[in-house]
Amino acid sequence: MKIKFLLDENLSPRLKVAVLRLNPEIDILRIGEPNTPPLETLDPDVLQYLGLSQRLLVTDNRTSMPEHLEEY
C-alpha cells in the first residue's frame, strides 16, 4: 500500500513543492487544495478526513492537535 500524505495548512506550501521535486511519485496534498478539507477546518474534521482518505497528517500544530490524539 502506497503511503499518502496531507500537509496541514500551518506548513508552507513550499514544503509540498520541495517534496515533489525530490520524488514526484509521492502522493501529497495540502489542506485547502481541491478534494481536501478547506482552510480553517477544525481538527476533528481534519482527522475524520484522514480516516476516510487513508492519509497521514504532516503538521507542527503542537497547540490543539495533541489533545485530539487521545480520542483516536
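All residue numbers refer to position in the chain's written sequence, counted from 1. pLDDT decides what is reported in this predicted model: residues at 70 or higher carry local features, side-chain atom pairs at 80 or more are listed and counted, and totals for whole chains, interfaces and linings draw on all residues regardless. Side-chain descriptors were evaluated using all non-hydrogen atoms of the structure, hydrogens and water having been removed beforehand.

*Asks:* Would you explain the overall build of the protein in this entry?
*Replies:* The secondary structure content of the protein amounts to three helices and three strands. Secondary structure elements are taken from DSSP: a helix is a run of H or I of four residues or more, a strand is a run of E of two residues or more, and numbering for both begins at the N terminus. Ordered by position from N to C terminus, the α and β elements of the protein give β-α-β-α-β-α. Two things to know: the radius of gyration comes from C-alpha atoms, and the globule rule equals 2.2 Å times the number of residues to the power 0.38. The globule rule puts the C-alpha radius of gyration for 72 residues at 11 Å, and the 12 Å found for the protein is close to it. Here the C-alpha coordinates of the protein stretch approximately 35 × 25 × 20 Å along the principal axes. Considering only intrachain contacts with a sequence separation of at least 6, the fraction spanning at least 24 residues in the protein is 49%. All accessible areas in this document rest on Shrake-Rupley with a 1.4 Å probe, and a residue is counted as covered only by the protein chains that are shown. Roughly 5,200 Å² of accessible area belongs to the protein as shown, and the carbon and sulfur atoms make up 57% of that amount. Considering the protein, the positive charge centre built from 8 side chains and the negative charge centre built from 12 side chains are found 12 Å apart. In this analysis, two residues are considered to be in contact whenever any of their non-hydrogen atoms come within 4.5 Å of each other. For the charge count, each Lys or Arg is scored as positive and each Asp or Glu as negative, with His and the chain ends excluded. Where a charge lies is defined by one atom per residue type: Lys uses NZ, Arg uses CZ, Asp uses CG and Glu uses CD.

*Asks:* Would you explain the nonpolar core in this entry?
*Replies:* Generally speaking, nonpolar side chains in soluble globular proteins are found buried as a group. In this structure, Leu6, Leu29, Ile31, Val46, Leu47, Tyr49, Leu50 and Met65 together form the largest nonpolar core, which totals eight residues. With four residues, helix α2 (residues 43-53) is the largest single contributor of residues to this core. Excluding its chain neighbours within four sequence positions, the residues that come into contact with Val46 are Leu6, Ile31, Thr41 and Leu57. What makes a nonpolar core is a set of buried Ala, Val, Leu, Ile, Met, Phe, Trp, Tyr and Cys residues whose side-chain atoms join them at distances within 4.5 Å. Note on classification: 1.4 Å probe, protein chains only; a residue is buried when its accessible area is under 20% of the maximum for its type, exposed when over 50%, partly exposed between these limits.

*Asks:* Hey, could you run me through the sheet that holds strand β3 (residues 55-58) in this one?
*Replies:* The strands making up a sheet associate through backbone hydrogen bonding, with each pair oriented either parallel or antiparallel. Strands were regarded as paired on the criterion that DSSP finds at least two bridges between them. If you walk across this open sheet you meet the three strands as β2-β1-β3, and the pairing is parallel. The outermost strands of the open sheet, each flanked by one partner alone, are β2 (27-30) and β3. Neighbouring strand axes in the sheet, compared pairwise and without regard to direction, differ in orientation by 25 degrees on average. Between N-to-C directions, angles cover 0 to 180 degrees, with each direction set by a line fitted to C-alpha atoms, over the stretch in contact for helices.

*Asks:* How should I be thinking about the pattern of salt bridges in this particular structure?
*Replies:* When the charged atoms of two side chains lie near each other, side chains of opposite charge can form a pair. One speaks of a salt bridge when a side-chain nitrogen belonging to Lys or Arg is within 4 Å of a carboxyl oxygen belonging to Asp or Glu. The final tally for this structure, using the stated rule, is two salt bridges. Residue Glu33 is joined to Lys16 by a salt bridge in which the shortest nitrogen-to-oxygen separation is 2.9 Å. Of this pair, Glu33 sits in the loop between β2 and α2 while Lys16 sits in helix α1 (residues 13-22), placing them 17 residues apart in sequence. Residue classification places Lys16 among the buried positions, given a relative accessible area of 15%. The residue Asp27 makes a salt bridge to Arg55 at a minimum N-O spacing of 2.9 Å. Remark: Arg55 occurs in strand β3 and Asp27 occurs in strand β2; sequence separation between them is 28 residues.

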